[in-house]
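These are the residues of each chain, in order.
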Amino acid sequence: MNAPLGVKVAYLYRWSNETGEPRAKREGPLRRTSQSSAVTGLESMASSSNLLPNVRPAELLREAIYRHIRYTLVLRNPRLLGPVELLTPVSLAVRDRIVDRMIETEERVRSKDSKRLYYLSMEFLMGRSLNDNLHNLGITELMREVLASIGMSLDDVLACELDAGLGNGGLGRLAACFLESLATLGMPGYGYGIDYEYGLFRQEINGGFQREKPDRWKANGTPFEIGRPDRALSIPLYGRVETSRDNHGNLRQIWTSQKFVLGIPSDMPVVGWGGETVNFLRLFAARASEDFDIEIFNRGDYIRAVEQKIGNENISRVLYPSDSVMSGKELRLVQEYFLVACAIGDLVRRYDLDHKGYEQFPSKVAIQMNDTHPSLAVAELMRVFIDEKGLEWEQAWELTQATCAYTNHTLLPEALERWSVSLMERVLPRHMQLIYGINHQFLRSISEYSFTDPDLMRRTSIIEEAADKQVRMAHLAIIGSHAVNGVAALHSELVKSTLVPDFAKLWPERFSNKTNGVAPRPWLHKSNPGLAALLTETIGERWVTDLSLLRGLQKFADDAAFRAKFREVKQHNKNRLAKVIFDQTGVQVYTSSLFDVQIKRIHEYKRQLLNVMRIIDQYLQCVDHGVEIKVPRTFVFAGKAAPGYWAAKQIIKLIHNVASVVNSDPRMKDRIKVAFLPDYRVSLAEIIIPAADVSEQISTAGMEASGTGNMKLSMNGALTVGTYDGANIEILEEVGEENFYLFGLRVEQIEEMKRKGLYNAQEYYAKNERTKAVMDSLGSDRFSPQEPGLFRWIVDEILYRGDRYFHLADLPSYVEINESVDEDYLDQELWSRKAAINVARIGKFSSDRTILEYARDIWHIGPFEQPWVPKPKPEAILTAAPPASASESSSVVG
Ligand code: 26W
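What you are looking at is a predicted structure, and each value in this text was computed from that prediction instead of being measured.

The rules behind each value
- In every chain, residue numbers begin from 1 and rise along the written sequence.
- For a predicted model such as this one, the threshold for reporting local features is a pLDDT of at least 70, and the threshold for listing and counting side-chain atom pairs is 80 or more; totals across whole chains, interfaces and linings nevertheless cover every residue.
- As a rule here, side-chain values cover all heavy atoms of the structure and leave hydrogens and water aside.
- We count a stretch as a helix when DSSP gives it H or I for four or more residues in a row; a strand needs E for two or more, and each element gets its number in order from the N terminus.
- Atoms counted for the radius of gyration: C-alpha only. Globule rule: 2.2 Å times residue count to the power 0.38.
- Think of it in three bands: residues with accessible area under 20% of the maximum for their type are buried, residues over 50% are exposed, and the middle band is partly exposed, with areas taken using a 1.4 Å probe on protein chains only.
- Residues are treated as being in contact if the distance between any of their heavy atoms lies within 4.5 Å.
- Residue exposure ignores everything except the shown protein chains as possible cover, and the areas themselves are Shrake-Rupley values with a 1.4 Å probe.
- In this analysis, axes come from line fits to C-alpha atoms, helices being fitted only over the stretch in contact, and the angle between any two N-to-C directions falls in the range 0 to 180 degrees.
- Roughly parallel means an angle under 35 degrees; roughly antiparallel, over 145; roughly perpendicular, 65 to 115; everything else is oblique.
- For this classification, the nonpolar set comprises Ala, Val, Leu, Ile, Met, Phe, Trp, Tyr, Cys and Pro, the charged set comprises Asp, Glu, Lys and Arg, and every other residue, Gly included, is treated as polar.
- It suffices for a single heavy atom of a residue to lie within 4 Å of a molecule or strand for the residue to be listed as near it.
- Distance and chemistry together define a polar contact, namely a pair of N or O atoms within 3.5 Å, with one atom able to donate a hydrogen and the other to accept it when in protein, and with adjacent residues in sequence counting only for side-chain atoms on both sides.
- Planes of paired rings set the category: under 30 degrees apart is stacked, over 60 is edge-to-face and the rest tilted, where pairs are Phe, Tyr or Trp rings (Trp by its six-membered ring) whose centres lie within 6.5 Å.
- The criterion is that NZ of a Lys, or CZ of an Arg, lies within 6 Å of the ring centre and within 35 degrees of the ring normal, and then a charge sits over that ring.
- Only strands that DSSP links by at least two bridges are regarded as paired with each other.
- Think of a salt bridge as a Lys or Arg side-chain nitrogen and an Asp or Glu carboxyl oxygen that are within 4 Å of each other.
- Nonpolar core, defined: a set of buried Ala, Val, Leu, Ile, Met, Phe, Trp, Tyr and Cys residues in which side-chain atoms within 4.5 Å join the residues together.
- UniProt positions are given in the numbering used here, feature names are shortened, and annotations may be inferred rather than shown by experiment.

### Quick look at the overall build of the chain
Phase 1 of the analysis: In terms of helices and strands, the chain carries 37 helices and 25 strands.
Phase 2 of the analysis: The C-alpha atoms of the chain give 28 Å as radius of gyration, which agrees with the globular expectation for 894 residues (29 Å, within 12%).
Phase 3 of the analysis: Structurally, the chain occupies a C-alpha span of about 85 × 80 × 55 Å along its principal axes.
Phase 4 of the analysis: Each of the 894 residues in the chain was classed as buried or not, and the buried ones make up 61%.
Phase 5 of the analysis: Look at the contacts in the chain between residues 6 or more apart in sequence, and 77% of them connect residues 24 or more apart.
Phase 6 of the analysis: As presented, the chain carries roughly 33,800 Å² of accessible surface, and 51% of it is formed by carbon and sulfur atoms.

Shown next as structure tokens:
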């Protein structure tokens, strides 16, 4: 170390105390403008003042790392540490800077008494934190330099961080992008979730079959999780409800004899671009409480009592790995309630810190429910208001409804949550009672319509009257919310027209669309540095926080020099992916081939099978009919199948079998390669997406609510081959038909065929030679010579069992559109023009835009326009001091 640390720290403190008041108060508005920016202020101080003589940011950072090596890890020689060991001290050095800003952000919000948004979700797919945080603080290169000075590569350290894969797919990653946008926009928005010990399983491939392994994501430490045991909550479960009278003689319901489990929060900081705002994701872990089951203890059965405790810590053990079929398992219901009770307990406590009474609650708190998984929030808020705060039903209901909002992410009937009434009565007796109350009040309110529509009450009731009565969670969420939205224009229409038409008619003003988006910092600026640099060089840097500015690129699509650079960037990214493919799968691909990418969960409705059929078709055309393949392609697949989803797992096996036949057939002259990259996750997506030429978005129309991978790929210069579904439609509208490869049936056609029973797969089979050949190859073991009959089920499913996903109806148009892709790709100038136009016109799909719409229409949280955030300056990040007022309060981050 160069100089005694204490000296420099003293400098920093003195410097920050100069004005004697917190920065927030000096600056006024929640969002600082670039003129009044504290960062700018700090910058000028750092450069012009002599308060920090000779202290370079790199030295400060190195010292911070050394300090953690010594005092956190208790190790002596930094040069002897490997990348895994360095991950923690490096992260902690960055975290210290972030914590200052987190405290400052909280002070700012509290001093302004701003309305806060709480985003409740069972899933947050955060990926790796260190890289994201360095990036948004603008100190990645600085860190690279610092680590190089001790002989370490930053990339090696970054690669040691295990992804926080606390989600299944689209819904979980959307939540992560939303948090990033909220922080970048300077909005007080916080994520609340579960601190799963195991995230989504790790996928290994064995003989072409998926094997699930536990995801020990915490194994290398989680330095960005800041434990807050002092904020623990006690969560009641089970027990029974008794009726008694209170002091005023009123009837009160008392939930009693419950068991208790503790919810222990940890905060993951969420750093906005430039580091001005640092929000947090608060994750709760379940811990046994002293008095979980007091009765067993009282009976003196100590060992059993401890065993029970261990059992209760299972609540936050593992993420449920299905994103399509609800499990109906008691543990999942308990998890959902655990999240909701922790979140509501915590956010009400935070509200209580600064407010008296609850009249203002909805003007200070917004709760967004990410699908129905946290929809018990409606009942829990009612319980807290009535049972704990003593409010009357009517007022509690008004406040609850004005606070909550619900986003729907799927129309698939098997994914809609229903819980059996008997299970809910046992686990959550008080909530069941409240749900009956809510339902009763709702049904009474619509009773006037029963004269004209006697069936209306049965259809809309929260309780489904079946042999085993069920609670329909979507109905609870809709009735308990003031706003309900879908995630793409088509999807939001389908929510109204097919999912809940009765509610849409009752309350048309409650329904809206909020088309998804993705965060451009992680998904473009960070993960595609080559393209980012080209964009900045061409149109300036402001696109990073205002993606609509990418339009300025449009005229450069006609500039041959620009296109050449654009192609060069893509080539570089393809070379990098080719190495990863080889390392992970042993498949050698040609970097000059077209990279055709389908990366997403494996699902029949997403139709990976359609993609495979097309590959088989090309293969058969080539080897059986001598048709020349004009454009060499590399087909890249990645994605996990839910462990209990047999067909999806078989599709993974099929991809592998087709890959091994096609990749090794000399007649193909290496023109087609197929690779399945195992263990799809955020950090792998960051490598695949920048390298894609073609993005496969080929779901059966009406089934993909939105899609977000489609946006990421297009944003990175891939052209979409897609159906008229989800957000594909809006991407098509933005980029223009001539820059999008559209094929397949539309929703109305699918609906009509379903209604009239018109879809006959056997007809498609009989009338199309190539379709027939593909199906026959699947039935004939051509792709399973060692495993006879392996893929016969596909033929049965598609030809004889009605195929809900209309594969054969869309196969010919899919094959045909791919011929246009080939033709266009042969003309590289034409192709890169189209790809560049895609990037230029993709601005709508920034999650900043999405968040601004939620803020304006649903949450009523400012700012309502996107501010410009200046590029972060390392000096400011490294030399910023803790806020002067930090010592005044012991609990600044509440
Ligand atoms: C209860 C089991 C379960 C778990 C997760 C059912 C359903 C889900 C999610 C709602 C599935 C999901 O991730 N849906 C995806 O949400 C994305 C974000 O809005 C959309 O882009 C995808 O189209 C949609 O499939």
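### A word on the packing of helix α25 (residues 608–625) against helix α32 (residues 769–779)
Any two packed helices are characterised by the angle at which their axes cross and by the distance between the axes.
Phase 1 of the analysis: Two numbers describe how α25 lies on α32: the axes approach to 9 Å, and their chain directions differ by 100°. Classified by the interaxial angle, the pair formed by α25 and α32 is roughly perpendicular. The residues of α32 that touch α25, namely those facing Met613, Ile616, Asp617, Leu620 and Gln621, are Arg770, Ala773, Val774, Met775, Ser777 and Leu778.
Phase 2 of the analysis: Of the residues that constitute the contact of α25 with α32, the class distribution is seven nonpolar, two polar and two charged.

### Some remarks on the packing of α32 against helix α33 (residues 792–800)
Phase 1 of the analysis: At a closest axis distance of 7 Å, the pairing of α32 and α33 adopts a crossing angle of 135°. The angle between α32 and α33 places the two elements in the oblique class. Contacts between α32 and α33 involve Met775, Leu778 and Gly779 from the first element and Arg792, Ile794, Val795, Ile798 and Leu799 from the second.

### Concerning the site of the ligand
Phase 1 of the analysis: Taken together, the neighbourhood of the ligand is formed by 20 residues, with His409, Asn516, Glu704, Ser706 and Gly707 sitting nearest.
Phase 2 of the analysis: In the environment of the ligand, an oxygen atom lies 3.2 Å from a nitrogen or oxygen atom belonging to the side chain of tyrosine 605.
Phase 3 of the analysis: Here the ligand has 580 Å² of accessible area as a free molecule, and 95% of this is covered by the chains.
Phase 4 of the analysis: Residue composition of the shell around the ligand, by class: eight nonpolar, nine polar and three charged.

### Regarding the packing of aromatic side chains
Phase 1 of the analysis: Per the stated rule, a full pass over the model turns up 24 aromatic pairs.
Phase 2 of the analysis: Ring plane angle 80° and centroid distance 5.7 Å describe the contact between tyrosine 119 and phenylalanine 178, whose orientation is recorded as edge-to-face. With tyrosine 119 in strand β1 (residues 116–120) and phenylalanine 178 in helix α9 (residues 170–184), this pair connects stretches of sequence that are 59 residues apart.
Phase 3 of the analysis: Residue classification places phenylalanine 178 among the buried residues on the basis of a relative accessible area of 1%.
Phase 4 of the analysis: In textbook terms, an aromatic cluster arises when at least three aromatic residues are bridged by ring pairs, as seen for Tyr118, Tyr190, Tyr192, Phe280 and Phe284.
Phase 5 of the analysis: It is lysine 712 that lies over the ring of tryptophan 523; its NZ or CZ is 4.4 Å from the centre.
Phase 6 of the analysis: We note arginine 746 situated over the ring of tyrosine 724; from NZ or CZ to the ring centre the distance is 3.8 Å.

### Overview of the sheet that holds strand β17 (residues 470–472)
Phase 1 of the analysis: Spatial strand order, β15-β17-β16: three strands in an open sheet with antiparallel pairing. Of all strands in the sheet, those bounded by a partner on one side alone are β15 (418–420) and β16 (463–464).
Phase 2 of the analysis: Bridge analysis of β15 against β17 gives three bridges, and the strand direction is antiparallel. Bridging from a neighbouring strand, arginine 418 pairs with arginine 472 of β17.

### Concerning unusual backbone geometry
Phase 1 of the analysis: Even without a glycine there, the phi angle at valine 74 is positive, about 55°.
Phase 2 of the analysis: For valine 74, the position within the fold is in the loop between α4 (57–71) and α5 (83–112).
Phase 3 of the analysis: A positive phi angle, close to 55°, is found at histidine 860, a residue other than glycine.

### With respect to the pattern of salt bridges
Phase 1 of the analysis: This model, assessed by the stated rule, comprises 71 salt bridges.
Phase 2 of the analysis: The partner of aspartate 246 in a salt bridge is arginine 252, with the nearest N and O atoms 3.3 Å apart.
Phase 3 of the analysis: For arginine 252, a relative accessible area of 22% translates into the label partly exposed.
Phase 4 of the analysis: Three or more residues joined by partner-sharing salt bridges are found here, namely Arg228, Asp267, Arg282, Asp346 and Arg349.

### Here's the deal with the pairing of strand β6 (residues 209–213)
Phase 1 of the analysis: In this sheet, β6 lies alongside strand β5 (residues 202–206) in antiparallel orientation, the contact comprising five bridges. Across the sheet, glutamine 203 pairs through a bridge with glutamate 212, a residue of β6.
Phase 2 of the analysis: Between β5 and β6, which pair antiparallel and follow one another directly, the connecting turn spans two residues, one of which, glycine 207, has a positive phi of 60°.

### Focus on the nonpolar core
Phase 1 of the analysis: In this structure, Met424, Ile435 and Trp859 are the most contacted members of the largest nonpolar core, which totals 213 residues.
Phase 2 of the analysis: The element contributing the most residues to this core is helix α12 (residues 330–354), with 13 residues.
Phase 3 of the analysis: When near neighbours in sequence (up to four residues on either side) are disregarded, tryptophan 859 contacts Lys115, Leu117, Leu182, Ala366, Gln368, Ile851 and Tyr854.
Phase 4 of the analysis: Grouped together as the second largest cluster of nonpolar side chains are 67 residues, Met613, Val694, Phe743 and Met775 included.

### Quick notes on the UniProt feature "modified residue: N6-(pyridoxal phosphate)lysine" (unreviewed entry) in the chain
Phase 1 of the analysis: Residues given the UniProt feature "modified residue: N6-(pyridoxal phosphate)lysine" (unreviewed entry) here are Lys712.
Phase 2 of the analysis: Among the structural elements, lysine 712 can be located in helix α28 (residues 709–715).
Phase 3 of the analysis: When sequence neighbours within four positions are dropped, the list of residues in contact with lysine 712 reads Arg173, Val518, Trp523 and Ile689.

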